[in-house]
Every structure is written in C-alpha cells, then in structure tokens.
Amino acid sequence: MKILVTGGAGFIGSHLCDALVASGHSVLALDDFSTGRHENIAHLEGHALFSLVSADIGDEAIVRECVAAADRVFHLASAVGVRLIVEQPVRTIETIVHGTSIVMKACGRYRRPVLITSTSEVYGKATKVPFHEDDDLVIGPSTKRRWGYAVSKALDEFLAMAYWHHSRMPVTVVRLFNTVGPRQTGQYGMVLPRFVQQALRGEPLTVYGDGTQTRCFCHVKDVVLALVRLMDYPQARGQVFNIGNSEEVSIRRLAERVIELTGSESPIRMVPFEEAYGPDFEDMQRRVPDLSKIRQAIGYMPRYSLDDIIRDIVAYYSERIGRKVGGVEARAF
Ligand code: UDP
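Definitions and limits used
Numbers given to residues run from 1 along each chain, matching the order in which its sequence is written. Confidence filtering applies because this is a predicted model: local features only for residues at pLDDT of at least 70, side-chain atom pairs given and counted only at 80 or more, and all residues used for totals across whole chains, interfaces and linings. Where side-chain values are given, they derive from all heavy atoms of the structure, hydrogens and water being excluded. The numbering of helices and of strands both runs from the N terminus, where a helix is a DSSP run of H or I of at least 4 residues and a strand a run of E of at least 2. Note on method: radius of gyration uses C-alpha positions; expected globular size equals 2.2 Å times residues raised to 0.38. Under the scheme applied here, a residue whose accessible area is under 20% of the maximum for its type counts as buried, over 50% as exposed, and between as partly exposed, the area being computed with a 1.4 Å probe on protein chains only. By definition in these notes, contact holds between two residues if any of their heavy atoms fall within 4.5 Å. Exposure was quantified through the Shrake-Rupley algorithm and a 1.4 Å probe, taking into account, for residues, occlusion by the shown protein chains and nothing else. The pLDDT value expresses, per residue, how confident the predictor is, ranging between 0 and 100. Only heavy atoms are used to decide nearness, and a residue is near a molecule or strand if one of them lies within 4 Å of it. Under the rule applied, a polar contact is a pair of N or O atoms within 3.5 Å (in protein, one hydrogen donor and one hydrogen acceptor; residues adjacent in sequence only if both atoms are side-chain atoms). Lys, Arg, Asp and Glu make up the charged group, whereas Ala, Val, Leu, Ile, Met, Phe, Trp, Tyr, Cys and Pro make up the nonpolar group; the residues left over, Gly among them, are polar. Any helix carries an expected span of 1.5 Å times its number of residues minus one. Strand pairing follows a simple DSSP-based rule, namely that at least 2 bridges must link the two strands. By convention, a stacked pair of Phe, Tyr or Trp rings (six-membered ring in the case of Trp) has centres within 6.5 Å and planes under 30 degrees apart, an edge-to-face pair has planes over 60 apart, and any other such pair is tilted. Here, over-ring charges are defined by two tests on the NZ atom of lysine or the CZ atom of arginine: distance to the ring centre within 6 Å, and angle to the ring normal within 35 degrees. For the purposes of this section, nonpolar cores are sets of buried Ala, Val, Leu, Ile, Met, Phe, Trp, Tyr and Cys residues that join through side-chain atoms within 4.5 Å. Axis lines are fitted through C-alpha atoms, for helices just across the contact stretch, and the angle between N-to-C directions can take any value from 0 to 180 degrees. To sort the angles, those under 35 degrees are grouped as roughly parallel, those over 145 as roughly antiparallel, those from 65 to 115 as roughly perpendicular, and the leftovers as oblique. Handedness of a crossing is defined here by the sense of rotation of the near helix relative to the far one, left-handed for an anticlockwise turn of less than a right angle and right-handed for a clockwise turn.

Section: the overall build of the chain
- Counting secondary structure elements, the chain contains 12 helices and 13 strands.
- Against the compact-globule benchmark of 20 Å for 333 residues, the chain has a radius of gyration of 19 Å, which places it among compact chains.
- Principal-axis analysis of the C-alpha atoms gives the chain an extent of 55 × 45 × 40 Å.
- Taken over 333 residues, the chain has a buried fraction of 56%.
- Partitioning the intrachain contacts of the chain with sequence separation of at least 6 by distance along the chain shows that 79% fall at a separation of at least 24.
- Here the chain has roughly 13,800 Å² of accessible surface; of this, 52% comes from carbon and sulfur atoms.

Quick look at the confidence of the model for the chain
- Of the residues in the chain, 97% reach a pLDDT of 70 or more, and the chain-wide mean stands at 95.
- With pLDDT under 50 throughout, residues 325-333 is counted as low confidence; its partners more than four residues away or in other chains account for 18 contacts.

Details of the site of the ligand
- Residues in close proximity to the ligand total 18 residues, the closest being R194, T206, R215, D283 and R287.
- In this structure, an oxygen atom belonging to the ligand sits 2.9 Å away from a side-chain N or O atom of N178.
- When the ligand sits alone it has 520 Å² of accessible area, and the protein chains cover 95% of it.
- Counted by class, the shell around the ligand contains 8 nonpolar, 4 polar and 6 charged residues.

Digging into helix 12 (residues 306-321)
- Compared with the 22 Å implied by 1.5 Å per residue over 16 residues, the 22 Å span of helix 12 between its first and last C-alpha is a close match.
- Of all the residues in helix 12, the buried ones are L306, I309, I310, I313, V314, Y316, Y317, S318 and I321.
- G322 lies just past helix 12 and shows a positive phi near 85°.

Some words on the pairing of strand 4 (residues 72-75)
- Taking every second residue as pointing to the same face, both faces of strand 4 are buried, with R72 and F74 on one and V73 and H75 on the other.
- Alignment of strand 1 (residues 2-6) against strand 4, held across 4 bridges, turns out to be parallel. If you follow T6 over to strand 4, its bridge partner there is H75.
- Where strand 4 lies against strand 5 (residues 114-119), 3 bridges are found, and the strand directions are parallel. Across the sheet, F74 pairs through a bridge with L115, a residue of strand 5.

Observations regarding the pairing of strand 2 (residues 26-31)
- Among the 6 residues in strand 2, 5 count as buried, and that is most of the element.
- When strand 1 meets strand 2, the two strands line up parallel, connected through 5 bridges. Bridging from a neighbouring strand, I3 pairs with V27 of strand 2.

Considering the packing of aromatic side chains
- Enumeration according to the criterion identifies 6 aromatic pairs in this entry.
- Arranged with centres 4.7 Å apart and planes meeting at 25°, the rings of Y123 and F131 form a pair that is stacked. The two residues Y123 and F131 agree in class, both being buried.
- Among the aromatic side chains, those forming a connected cluster through ring pairs are Y208, F273, Y277 and F281.
- Of note, R175 hangs over the ring of Y123, and the distance from its end group to the ring centre comes to 4.9 Å.
- Over the ring of F241 we find K293; its NZ or CZ atom is 4.8 Å from the centre of that ring.

Examining the nonpolar core
- In terms of nonpolar packing, the biggest core is built from 36 residues, with F74, L227, L230, I243 and I294 touching the most fellow members.
- Here this core takes 7 residues from helix 8 (residues 220-231), the largest share from any one element.
- Excluding residues within four positions of it along the chain, I243 makes contact with V174, R175, L176, F177, V223, A226, L227, L230, L291, I294 and Y300.
- Membership of the second largest hydrophobic core comes to 26 residues, among which are L28, L30, A106 and V240.

Some details on the packing of helix 3 (residues 60-69) against helix 5 (residues 89-110)
- Look at helix 3 against helix 5: their axes get within 9 Å of each other, and the N-to-C directions meet at 40°. Judged by the angle between their axes, helix 3 and helix 5 are oblique. Crossing hand, helix 3 versus helix 5: right-handed. Taking contact as the criterion, the partners of E60, V63, R64, V67 and A68 in helix 3 are, on helix 5, I102, V103, K105, A106, C107, R109 and Y110.
- Here the contact of helix 3 with helix 5 is built from residues that sort into 8 nonpolar, no polar and 4 charged.

So this is what it looks like as structure tokens:
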C-alpha cells in the first residue's frame, strides 16, 4: 500500500515511517521541518519505498495531491511540546486546526481512511483517573495559553467525528499519552529527553513545580504498533482510542530514576512553574490512560516498562553526547 504520513520527519512520525517501510509499504512523508528533523529520516532517504515532500500542512494543493496519491493517511503533523505551545500560541492553534481541516477535507474528497492523532491533553484538568475515552473534557480558561493546544486538538476530534457522522468517512482518532523514546528532543519542553541529557551532562535535573505531579510514559514503538493495528481494524472507524502505558510515576521519582540508571552525580533542582513557563501556566496533577477500549479492540498491551524506556533514551543520548553511561566526561551537545 501507499501510505501518507504527515509529520513524517517528526519524532513519532519517523518511527511510524520506519515500521511501515519495514512491513513493505510505500511511504510518503510530508513535513515542513519546523520541528521535524532530517536526522530522523536520514536512514530512509534513498530507500525505494520512501519518499519525502517538504511542505507545510497548510499548503492545501500539496496536501490534496499527497492524499490523492495515497491509499491511507496517518495525520501526525502538529505543533508539539508545552514550551513551544506557550511561546507560539497563534502558530500552535493555526497549525493544528487549519492543518487538520485541510487533511480531512482531502481525505473526504478521495475517501481515504485517515487516522488523526490527538492528545491526552484534551482531558485537561479532569481529576477522575484513569481517563476513559467517553469522559468529559475539562479545559481551563482561554486566558491561559496552554489550553489552546487542548482545545485545538479537541476541535480536530470534533471535526473528525463530524465527518464520520456526516458521510461515514473512515476516520479514527487516537489520544496519545506522553509518548517518549529515541529521537525525541527536549527542546520543546518534554521532560524525559531533558532529564536524560541533564543527567548525562552532569547538570541539575530541573523538576518543575513540587514534582508530585504524575505522568505515564509510553515507548514510541508501542505507540507505532498501536497506530498501525488500529488503521487495519475497520471497527475502529468513527471511534476515539487512548494509546499509552498505565505505569504511573511522579516527576520527582522520574528524575531520581534517571539519575539511578545513568549513574549520574547530577543534583535535582526544583523550578517553580512560573520560572519555567511564565505566570499564567497551569499543569495537571495526574494523567493516567484507561486502556481497556484499545485492549479489547486490538489486544493492545504496552511491551516496554519505564526502565526499558529510560535505558533506550539513555543509549540514544549517550552516543550523541559522547559520554557512555557511568563515564565521567560529558562533551557539550
Ligand atoms: N517537567 C519538568 N521538568 C522539565 C520539563 C517538564 O519537571 O524539564 C514536567 C512538566 O511540568 C510536567 C511533566 O514534567 O509536569 C511532563 O512534562 P512534558 O512537557 O514532558 O509533558 P506534558 O506536560 O505534556 O505531560
């Protein structure tokens, strides 16, 4: 099959391209390299089953052409990372809402099955954990920039469901919970690549807030397998699925575990949210996925534990930073 992956040079997109090419599919990656990186797909360039279109998801003519050429579409192009979202709120909202609208319109026109990637962020400030797909979404006020991301992604979901109800367009929505792994950059705020790099360089690990907030981290390889399986599962159309891992950890404990597994002598530095993200920032205290729906649908079970994930990221960054785990010198990165 010929498969279009929007955001194909991004962290998750590039792993998805790898998996699809490895299964013998022909992959067309669309990316504008705003946050996607050539490094993520360098090993695929020149492969007979891989091609790349360097364009903005807002370029309607190009998106339409790419969708027309594909049998199926994975839509991953998006603004990413809490840091980028609070620093560039206009671009965040426009990329997400406008980009998805263009992709959906093209998929509707050519009736291409499409999978839309949403986020656990849409559960917002909900406190009843674990989060189930049918739960209410509890979003904060529009004066707090962070929520623009959740609302934009929620709007994408409503648009997808509207297409499904209007014309039975084959669309599936997934909510990704803190996807992590090799190739993820800490540049846009994501905690695990930041902690691992800080530990490997002997710098303080920056725990925001009081560190009691929790998250559940899922290896990108588990996520990619779930994306591929859901696309192959016709009953998933018109449905929303959580994808994640239910192993919950506090951010303080995560920092300690990274230090233990790297053998680093880095201290932990507590950083107020205000210092990290400015005065109008709100964080969520707990975020845990209910995975019963996806388990029932495709037998999904995450294979990687938190320790496996940390080790994989450590291996990835140790190579780049030029220092082996347990070594002494860390070269600047
Ligand atoms: N975080 C942290 N130190 C960092 C970056 C993030 O303590 O250097 C915290 C962040 O405030 C949040 C958690 O780690 O409570 C997860 O952050 P991330 O941005 O990775 O994901 P999200 O907030 O979207 O769950």
